[in-house]
Amino acid sequence: MSFKIIGTGMYVPEKVVTNDDLAQIVETNDEWITKRVGIKERRISETEFTSEMGAKAAQAALDNAGCTAADVDLILAASVSGETVSPSMACMIQNRIGATCPALEINAACAAFLYLLDTAAAYFALGRYKKILVVGCERMSGILDWSDRGTCVIFGDGAGAAVLEQGSNYLDVVCTVKGGDDVIKIPHALGCSPFFKTEQDTPYIHMQGQETFKYAVSAICDDIQSLLDRNGLTMDDIAYIVPHQANKRIIDFACKKLKISEDKMMVNIDKYGNTSSASVPIALHELHMSGNLKRGDKLILTAFGGGLSNMACLIEW
Ligand code: UT7
């Protein structure tokens, strides 16, 4: 017993920040960002907290599935940019949408939505729950160093969600973790203990761009190929790939290496940038809303990021 996806939803804040707008803040330009990353604009929250965006995406997914908060048996949420460590974003979302079920948060950075799906599959296998709500929500703008042009131009804010119901459409998953903080890290503020003598890093995203790029390219290619091989499939059997939206060049590289036709790749990085755990569910929702998905289509979802953690799964729509 695993699950099928019965509804999707997303929410992004109203404020659009263009590459030209960013050129007023750091030394950058539209041409560099467009060419090197593929982003034209991103949404940035001016007033909304992470859990508010998460709750709006969750409610949209419930509406899309024809459910109410009372139908949900478990909420799994992910974020690296919540307004609180405790309560978790899952508990805040539970409260905001008026649900009464258990709720817990999982941290796997940009790969987290895939971890939510895998955790949900494990809960469904226990047979305890009928419907699980999964939400990735981020206010990345709050954890960026706005003087670092290598990171502040690539992220955006938003949330994506899906409603899962018992079913058998989660077909396979591959997962790799190479733990360590040398390539990507987001340190917490370490507090003001008079006893703690260690130097602190700023509580913002620190990323070795090129190292991350190399890791991301091999993660996305290896994970897609593994899922195809393990399941005796070729790309002809796959209707769409929904990749983490980190850099259009990473996606293009995977298309070239694995000979994937570009129209099978869901790409919306130009509009939202990298929204970390929200990126895959936002892309999935937009693919769903495009009307192009048919029941029975096979999809691969794939994501990679801090941890370093990468995961990909094969699902049937
Ligand atoms: O979601 C988690 C996973 N994250 C990722 O997968 C991100 C992976 N990494 C990347 O997408 C890319 O490495 C970046 C977009 C972060 C950076 O692009 P890059 O092509 O690797 O640039 P670079 O760091 O090698 O820098 C190339 C040049 C440098 O100038 P010089 O030294 O050649 O003169 C940088 O200073 O580009 C410069 N540069 C910029 N120029 C204009 C770096 N950032 C910018 C900028 N605007 N924003």
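Above this note sits the structure.
Just so we're clear, the structure is a prediction, and the values are computed from it rather than from any experiment.

The rules we used
- Residues numbered from 1 in each chain as written.
- Predicted model: local features only at pLDDT ≥ 70, side-chain atom pairs only at ≥ 80, totals over all residues.
- Heavy atoms only, no water.
- Helix = DSSP H or I, 4+ residues; strand = E, 2+ residues; numbered from the N terminus.
- Rg over C-alpha atoms; globule rule 2.2 N^0.38 Å.
- Buried < 20%, exposed > 50% of the residue type's maximum accessible area, 1.4 Å probe, protein only.
- Contact = heavy atoms within 4.5 Å.
- Areas by Shrake-Rupley, 256 points an atom, 1.4 Å probe, with all protein chains shown as cover.
- Lys, Arg positive; Asp, Glu negative; His and termini not counted.
- Charge placed at Lys NZ, Arg CZ, Asp CG, Glu CD.
- Near = heavy atom within 4 Å.
- Polar contact = N/O pair within 3.5 Å; in protein donor to acceptor, adjacent residues only side chain to side chain.
- Nonpolar A, V, L, I, M, F, W, Y, C, P; charged D, E, K, R; others polar.
- Salt bridge = Lys/Arg side-chain N within 4 Å of Asp/Glu carboxyl O.
- Pairing = 2+ DSSP bridges.
- Axes fitted to C-alpha atoms, helices over the stretch in contact; angles between N-to-C directions.

## Describing the overall build of the protein chain
Logical step 1: Looking only at helices and strands, the protein chain has ten helices and 13 strands in total.
Logical step 2: The C-alpha atoms of the protein chain give a radius of gyration of 19 Å, which matches the 20 Å a tight globule of 317 residues would have.
Logical step 3: Principal axes of the C-alpha set define a box for the protein chain whose edges measure 50 × 45 × 35 Å.
Logical step 4: Counting over 317 residues, the protein chain shows a buried share of 55%.
Logical step 5: For the protein chain, the proportion of contacts with a sequence separation of at least 24, taken over those separated by at least 6, is 76%.
Logical step 6: Working note: accessible area of the protein chain is about 13700 Å², and carbon and sulfur atoms make up 49% of it.
Logical step 7: Distance from the positive charge centre (29 side chains) to the negative charge centre (39 side chains) of the protein chain: 3 Å.

## Let's talk about the site of the ligand
Logical step 1: For the ligand, the set of nearby residues contains 22 residues, the closest of which are T28, R36, Q210, N247 and N274.
Logical step 2: Between the ligand and G209 there is a distance of 3.0 Å, counted from an oxygen atom to a backbone nitrogen or oxygen.
Logical step 3: R249 places a polar side-chain atom, nitrogen or oxygen, 3.0 Å from an oxygen atom of the ligand.
Logical step 4: Summarising the interface, the protein chains cover 74% of the accessible area of the ligand, which totals 950 Å² for the free molecule.
Logical step 5: Counting residues per element, the ones that place at least two in the shell around the ligand are α2 (30–36), α6 (149–152), α7 (209–230) and α8 (248–258).
Logical step 6: Looking at the shell around the ligand, its residues break down into ten nonpolar, eight polar and four charged.

## Some points on the pattern of salt bridges
Logical step 1: Scanning the model with the defined rule gives eleven salt bridges in all.
Logical step 2: We note a salt bridge from K185 to D201, for which the minimum N-O separation is 2.6 Å. On the criterion of sequence distance, the pair formed by K185 in strand β9 (residues 184–185) and D201 in the loop between β9 and β10 (206–207) is long-range, its members being 16 residues apart.
Logical step 3: K185 gets classed as partly exposed once you look at its relative accessible area, which sits at 24%.
Logical step 4: You can call D201 partly exposed: its relative accessible area is 37%.

## Some words on the sheet that holds strand β4 (residues 74–78)
Logical step 1: What the five strands build is an open sheet, ordered β1-β7-β6-β4-β5; its pairing is mixed. Looking at the sheet topology across the chains shown, the edges are occupied by β1 (2–11) and β5 (103–106). Strand-to-strand twist of the sheet, defined as the mean angle between neighbouring strand axes without regard to direction, takes the value 20 degrees.
Logical step 2: Pairing geometry for strand β6 (residues 131–139) and strand β7 (residues 157–167), over nine bridges, is antiparallel. In the strand pairing of β7, R139 is matched with D157.
Logical step 3: In the packing of helix α10 (residues 279–289) onto the sheet, the strands contacted are β1 and β7, and the crossing angle to β1 comes to about 95 degrees.

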